[in-house]
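Residues per chain, in single letters:
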Amino acid sequence: MEKFITLNTRAIPLNIENVDTDQIIPARFLKSTSREGFGENLFRDWRYEKDGAEQSDFILNNKHYSGSVLIAGDNFGCGSSREHAAWALSDYGFKAIVSSFFADIFKGNALNNGLLPVQVSPDFLKTIMKLISEKPATLVRVNLDSQTISIENSKLKESFEIDTYKKTCMINGYDDIEFLLSKKDKIEHFENQRELLHVNG
């Protein structure tokens, strides 16, 4: 995974609540086991008409908005437990998702795939959603080290929580196996000490 420490980018406001994983990536696109290629079908039924034409009123098709942060409504990622939802968001180019609540399974899948779920208060979400909707060039700064999200040239700032282990993995770009490998020397030292105690015991 890529290392994630700070992110300073424009954002895309998706002002819809209860976005479930079937809306994020419809079930008919889950045939592949590779993580690549899912981004083209992210929010497929919202982005495109049945004939493949773009839905002009959907936010991802609005050229005024861009960036690697998605500002989403409350209860993002609910529904089925498919990991493909996190794959699709990451493959599209998102590095962080901001919401006032995430479904637990989606949150875990996101963290396992290097996608940072930033949970903020409902008031903070409402404020930044309105600001970014009205001013698409607004820059959002996500600092994983300090666990804060802020808006450039404003006093808007809020802290967010993250599991300590997952934070370490994301900052270093580790998946679970790479994290264990990073501790190889300490594990070997521990095992050697145990063997010595056993021999001398």
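The present account deals with the structure reproduced in this document. In this text, all values refer to a predicted model and were calculated from it rather than measured experimentally.

Rules behind the numbers
Starting from 1, residues in each chain are numbered consecutively following that chain's sequence as written. With pLDDT at 70 or above as the cut-off, local features in this predicted model cover only qualifying residues; side-chain atom pairs require 80 or more to be listed or tallied, and sums for whole chains, interfaces and linings still use all residues. With hydrogens and water stripped out, all remaining heavy atoms of the structure feed into the side-chain values. Numbering of helices and strands runs from the N terminus, with a helix taken as a DSSP run of H or I at least four residues long and a strand as a DSSP run of E at least two residues long. The buried label goes to any residue with under 20% of its type's maximum accessible area, the exposed label to any with over 50%, and the partly exposed label to all in between, with areas taken from a 1.4 Å probe on protein chains only. Only heavy atoms enter the contact rule, under which two residues are in contact if any of them lie within 4.5 Å. Values of accessible area rely on a 1.4 Å probe in the Shrake-Rupley scheme; residue burial ignores everything except the protein chains shown. Among buried residues, the Ala, Val, Leu, Ile, Met, Phe, Trp, Tyr and Cys ones that are joined through side-chain atoms within 4.5 Å form a nonpolar core. Comment: axis = line fitted to C-alpha atoms, over the contacting stretch for helices; angle = value between 0 and 180 degrees taken between N-to-C directions. By definition in this entry, angles of less than 35 degrees are roughly parallel, angles greater than 145 are roughly antiparallel, angles of 65 to 115 are roughly perpendicular, and the rest are oblique. Definitions for this section: a left-handed crossing has its near helix turned counterclockwise from the far helix by less than a right angle. A right-handed crossing has that turn clockwise. Under this grouping Gly is polar, as are all residues other than the nonpolar Ala, Val, Leu, Ile, Met, Phe, Trp, Tyr, Cys and Pro and the charged Asp, Glu, Lys and Arg.

Take the overall build of the chain next. A count of helices and strands for the chain gives eight helices and seven strands. Residues counted as buried form 42% of the 201 residues belonging to the chain. If you take every contact in the chain between residues at least 6 apart in sequence, the share linking residues at least 24 apart comes to 65%. Carbon and sulfur atoms provide 49% of the accessible area of the chain, an area that totals close to 11300 Å².

Core analysis: the largest hydrophobic core is formed by 27 residues, its most contacted members being Ile-24, Phe-43, Leu-70, Phe-76, Leu-89, Ile-97 and Phe-106. Where this core is concerned, the elements lending two or more residues are β1 (6-14), β2 (69-72), α3 (84-92) and α4 (104-112). Counting residues in each nonpolar core, the second largest holds 24 residues, with Phe-4, Leu-125, Val-140 and Ile-151 among its members.

One non-glycine residue, Asn-18, adopts positive backbone phi at about 55°. Structurally, Asn-18 can be placed in the loop between β1 and α1 (21-24). In this structure Asn-18 comes out as partly exposed when scored by relative accessible area, which is 40%. Not every positive phi belongs to a glycine, and Gln-147 is a case in point at roughly 55°. Relative to the helices and strands, Gln-147 resides in the loop between β5 (139-143) and β6 (148-151). Residue class for Gln-147 comes out buried when judged on its relative accessible area of 17%.

Among all positions of α4, only Phe-106, Asn-109, Ala-110 and Leu-111 are buried. One or two steps after α4, the chain reaches Gly-114, where phi turns positive at roughly 75°.

Time to look at the environment of Lys-167. The topology assignment puts Lys-167 in helix α6 (residues 164-172). Residue contacts for Lys-167: discarding those within four places in its chain leaves Leu-144, Asp-145, Gln-147 and Ile-162.

Looking now at the environment of Ser-81. Mapped onto the elements of the fold, Ser-81 is located in the loop between β2 and α3. Put simply, Ser-81 and Ala-103 are 22 residues apart on the chain and 9.3 Å apart in space, counted from C-alpha to C-alpha.

For the rest of this paragraph, the subject is the packing of α3 against α4. The interhelical angle for the contact between α3 and α4, taken along N-to-C directions, is 50°, at an axis separation of 8 Å. By the angle class used here, α3 and α4 are oblique. For the pair α3 and α4, the crossing hand works out as right-handed. Facing Ala-85, Ala-86 and Leu-89 of α3, the residues of α4 in contact are Phe-106, Asn-109 and Ala-110. Among the residues forming the contact of α3 with α4, the class breakdown is five nonpolar, one polar and no charged.

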